[in-house]
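Listed below, chain by chain, are the residues.
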Amino acid sequence: MPKIEICVDNVESVITANQLPIDRIELCSALALGGLSVNYGLLKQAVRISTVPLAVMVRGRAGDFIFSESEVQAMLAEIELVKSLGVQHIVIGALTPAGDIDLPTTTRFIQQADGMQVTFHRAFDLCRNPHIALEQLIDLGCHRILTSGQAKTAFDGIAMLQSLVQQADNRIQIMAGCGVNPHNVQAILHQTCVPEIHFSAKGFRISEMQTNSPAAMGNNGEQDRRIDVLDANLAQQILDKIGEVQ
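Predicted model, so just to flag it, every value in this text is computed and none were measured. (Residues numbered from 1 in each chain as written. Predicted model: local features only at pLDDT ≥ 70, side-chain atom pairs only at ≥ 80, totals over all residues. Heavy atoms only, no water.)

(A) Focus on the packing of aromatic side chains. Enumeration according to the criterion identifies 0 aromatic pairs in this entry. Cation over ring: Arg 226 sits above Phe 204, and NZ or CZ is 3.7 Å from the ring centre. (Phe/Tyr/Trp six-rings, centres within 6.5 Å; stacked < 30°, edge-to-face > 60°. Lys NZ or Arg CZ within 6 Å of the ring centre and 35° of its normal.)

Next up, the structure:
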């Protein structure tokens, strides 16, 4: 059985994920932006209530993965905070303008983590040479890479995922993620033999708030009425399909 990680970005979803038979929760904010760093309140509450191990995203902003020294300093401080709360796992990533692993910055992140588990996130999917990048991340001491095989979804990236798993040869864990659903998870696992799988099983509920105000909190007023949450039924469907894999 592969190890299973579910990605969530709010307390409600942390609670839901804890009711599922999974190995790890990736905790972030702003899933719609690919996942950003977590505010202190969410982090502290998740640590308090979760019996499932947490992997905490450290990514200070949306956009590219080319970070200034000030941004790096901020993320180093985040890693120290996460570690101080007893979390054993962080999720990081940094690239150069040329599309290579930013070796000095990634090294600083790993050194700051000091013994924590480290996942290099899907910034990996923007690398110009994933095979060189994989060897570099092994040398740096990363424990796993979250990747869609450099494709729009993990299903579309099956061929690359298969190649990465073979190259990794258990020296680093390849975790397939992005677009994983009940209809494709078995194909992804069968064809790639990835040891870990990652999904968010996104859903939503409608807000109970009643208002006639024309004001909107974002660009899309309809979003104000939708609360994005982990869909427990969808997650269980994916888990059931994983359980059928031999």
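The rest of the description comes next.
(B) Broad picture of the sheet that holds strand 1 (residues 3-8). One closed barrel holds the 8 strands; their spatial order is 1-2-3-4-5-6-7-8, and the pairing between them is parallel. Here the average twist between neighbouring strands, direction ignored, is 25°. Packing against the sheet, helix 6 (residues 158-168) makes contact with strand 6 (144-147) and strand 7 (173-177), and its axis sits at approximately 165° to strand 7. (Pairing = 2+ DSSP bridges. Helix = DSSP H or I, 4+ residues; strand = E, 2+ residues; numbered from the N terminus. Axes fitted to C-alpha atoms, helices over the stretch in contact; angles between N-to-C directions. Contact = heavy atoms within 4.5 Å.)

(C) Local environment of the side chain of Asn 10. Relative to the elements of secondary structure, Asn 10 occurs in the loop between strand 1 and helix 1 (11-17). Within the local environment of Asn 10, its side chain forms a polar contact with the side chain of Asp 9, the two groups lying 3.1 Å apart. A distance of 2.8 Å separates a polar side-chain atom of Asn 10 from the backbone nitrogen of Ser 13. The contact partners of Asn 10, leaving out residues within four places of it in the chain, are Leu 42, Asp 228 and Val 229. (Polar contact = N/O pair within 3.5 Å; in protein donor to acceptor, adjacent residues only side chain to side chain.)

(D) Molecular detail of the pattern of salt bridges. Under the criterion given, the structure shown has 11 salt bridges. Measuring nitrogen to oxygen at the nearest pair gives 2.8 Å for the salt bridge that ties Arg 128 to Asp 100. Here Asp 100 lies in the loop between strand 4 (89-92) and helix 4 (103-113) and Arg 128 lies in the loop between strand 5 (117-120) and helix 5 (130-140), a separation of 28 residues in the sequence. The exposed category is assigned to Arg 128, whose relative accessible area is 60%. Judged by its relative accessible area of 24%, Asp 100 is partly exposed. For Glu 135, the salt bridge is made with Arg 171, and the minimal N-O distance between the two is 2.7 Å. Pair noted here: Glu 135 is in helix 5 and Arg 171 is in the loop between helix 6 and strand 7, with a separation of 36 residues, a long-range link. On the basis of relative accessibility, which here comes to 42%, the residue Arg 171 falls in the partly exposed class. (Salt bridge = Lys/Arg side-chain N within 4 Å of Asp/Glu carboxyl O. Buried < 20%, exposed > 50% of the residue type's maximum accessible area, 1.4 Å probe, protein only.)

(E) Representation of unusual backbone geometry within the structure. Phi is positive for Cys 178, which is not a glycine, with a value near 105°. Among the secondary structure elements, Cys 178 is positioned in the loop between strand 7 and helix 7 (185-192). The exposure class assigned to Cys 178 is partly exposed, which follows from its relative accessible area of 24%. Positive phi, close to 45°, is recorded for Ala 201, a residue that is not glycine. Summarising the element assignment, Ala 201 is placed in the loop between strand 8 (196-199) and strand 9 (202-206). Judged by its relative accessible area of 5%, Ala 201 is buried.

(F) Focus on the side chain of Asp 125. Within the secondary structure layout, Asp 125 lies in the loop between strand 5 and helix 5. A polar contact of 2.9 Å, which involves the side chain of Asp 125, links it to the backbone nitrogen of Gln 150. Leave out the neighbours within four places in its chain, and Asp 125 touches Leu 146, Thr 147, Ser 148, Gly 149 and Gln 150.

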